[in-house]
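# Structure assessment
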Amino acid sequence: MQHKKLTIPDIRNRKNSTPIAELTAYDYPWAKVADTAGIDVVLVGDSLGMVVLGYPDTVSVTMEEMIHHTKAVVRGVERALVITDMPFGSYNSSIPAAINNATRMLKEGRADAVKIEGGVSMAATVAAIVNAGIPVQGHIGLTPQTATSLGGFKVQGKSAQAAKQLLDDAKAMEDAGCFSIVLEAIPAPLAERITRSVAIPTIGIGAGPDCDGQVLVIHDLVGLYDRFTPKFVKQYATINEPILEALRQYKAEVENRTFPTEAHSFTMKSEELDKLLQLY
């Protein structure tokens, strides 16, 4: 495996080149697996709120939780670029707060970059964070943190006017200094047009095949998240059932005393056991 750490310029230079494979991870084991597989970008998504912490949405995730999980992910990565989500409320209250919280993500979390949801309305904030020396990945289309105001988890940009707004959002994020943009849940022809209209890589999730890369939630990819499976997810494995079967087998063997066996037990010298029996 190539161990050379990927950098922001490495990712930017993949525009119109080899597609970028981005994947979420929320802890050390999954980060290590993703990195070993050669994944280019590991995203510590605020989706951890729903996938790992059991929250009903992403809005509930805190800065402390994001930093905690980012630190764990960074420990498992040698090659991949690590991006962490700025959680809801950490960047949309004021520009000084946004810069301070983004700085914490790099200083405390040890992330390589942060991801911020929003388009034209967040451009000034993103520009200020970039000017503070912090790399930013943008995120437009379906933005989970503001899904309620978008009418739920629905495809965005289906009308001509809505599509034009997303084109404007993408250009605003590029102009603000983003090194890449996530395009989530938008029609494939629109994603292809956005990809052609900006000079930075686009990373699709439910945005068709013409983006400069793709991102998925790792638990969706391997069939570990059972609340729902979005249309845009391809399950490359379904490991939930084998795990359940292993746990059921463990429970049964504990109950019928077939585990542990001698092979899983430690011994002591017979003379020491004899001495113990004399003492008690």
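Coordinates for the structure precede this section.
Okay, so let's go over this structure. (Residues numbered from 1 in each chain as written. Predicted model: local features only at pLDDT ≥ 70, side-chain atom pairs only at ≥ 80, totals over all residues. Heavy atoms only, no water.)

It is worth spelling out the pairing of strand β1 (residues 20–24) at this point. Extensive coverage of β1 is indicated by the burial of 4 of its 5 residues. Taken together, the 4 bridges between β1 and strand β8 (residues 213–216) define a ladder with parallel strand orientation. Bridged to Glu-22 within β8 is Val-215. One ladder, built from 3 bridges, connects β1 with strand β2 (residues 41–44); its direction is parallel. Considered in β2, the bridge of Leu-23 is made with Val-42. This β-α-β element, β1 to helix α2 (residues 28–36) to β2, shows right-handed connectivity. (Buried < 20%, exposed > 50% of the residue type's maximum accessible area, 1.4 Å probe, protein only. Helix = DSSP H or I, 4+ residues; strand = E, 2+ residues; numbered from the N terminus. Pairing = 2+ DSSP bridges. Right-handed = clockwise from strand over helix to strand, strands pointing away.)

Next up on the list: the packing of aromatic side chains. Under the defined criterion, the tally for this structure stands at 1 aromatic pair. Ring geometry for Tyr-250 and Phe-259: centres 6.1 Å apart, planes at 65°, overall edge-to-face. For Phe-259, a relative accessible area of 31% gives the class partly exposed. (Phe/Tyr/Trp six-rings, centres within 6.5 Å; stacked < 30°, edge-to-face > 60°.)

This part covers the environment of Asp-212. As for its placement among the helices and strands, Asp-212 is situated in the loop between β7 (202–205) and β8. For the pair Asp-212 and Ala-162, spaced 50 residues apart in sequence, the C-alpha separation works out to 22 Å. What Asp-212 contacts, discounting residues up to four positions off in sequence, is Lys-15, Asn-16, Thr-18, Pro-19, Ile-20, Thr-195, Ile-200, Pro-201 and Thr-202. Within polar-contact distance, the side chain of Asp-212 engages the backbone nitrogen of Asn-16 at 3.2 Å. (Contact = heavy atoms within 4.5 Å. Polar contact = N/O pair within 3.5 Å; in protein donor to acceptor, adjacent residues only side chain to side chain.)

This part takes up the sheet that holds β2. An order of β1-β2-β3-β4-β5-β6-β7-β8 is seen for the 8 strands of this closed barrel, with the pairing classed as parallel. Geometrically, the sheet is characterised by an average inter-axis angle of 25° between neighbouring strands, direction not taken into account. Bridge count for strand β5 (residues 136–141) against strand β6 (residues 180–184) is 5 bridges, and the pairing is parallel. Across the sheet, residue Ile-140 finds its bridge partner in β6, namely Leu-183. In the packing of helix α7 (residues 160–176) onto the sheet, contacts are made with β5 and β6, and the angle to β5 comes to roughly 175°. Across the sheet, helix α8 (residues 188–197) touches β5, β6 and β7, and the angle it forms with β6 is around 170°. (Axes fitted to C-alpha atoms, helices over the stretch in contact; angles between N-to-C directions.)

Let us now look at a nonpolar patch on the surface. A contiguous nonpolar patch, built from Met-268, Leu-273, Leu-276, Leu-277, Leu-279 and Tyr-280 and spanning about 720 Å² of accessible area, is present on the exposed surface. On the basis of relative accessible area, Leu-273 is assigned to the partly exposed category, the value being 37%. (Patch = residues over 30% accessible without salt bridge, like charges linked within 9 Å, V, L, I, M, F, W, Y side chains within 5 Å. Areas by Shrake-Rupley, 256 points an atom, 1.4 Å probe, with all protein chains shown as cover. Salt bridge = Lys/Arg side-chain N within 4 Å of Asp/Glu carboxyl O.)

Before going further, it helps to examine the pattern of salt bridges. Applying the stated rule across the entire model yields 13 salt bridges. Here Lys-4 makes a salt bridge to Asp-10, at a shortest N to O gap of 3.8 Å. Among the residues examined, Asp-10 registers a relative accessible area of 24% and is labelled partly exposed. Salt bridges sharing common partners tie together Arg-14, Asp-40 and Arg-79.

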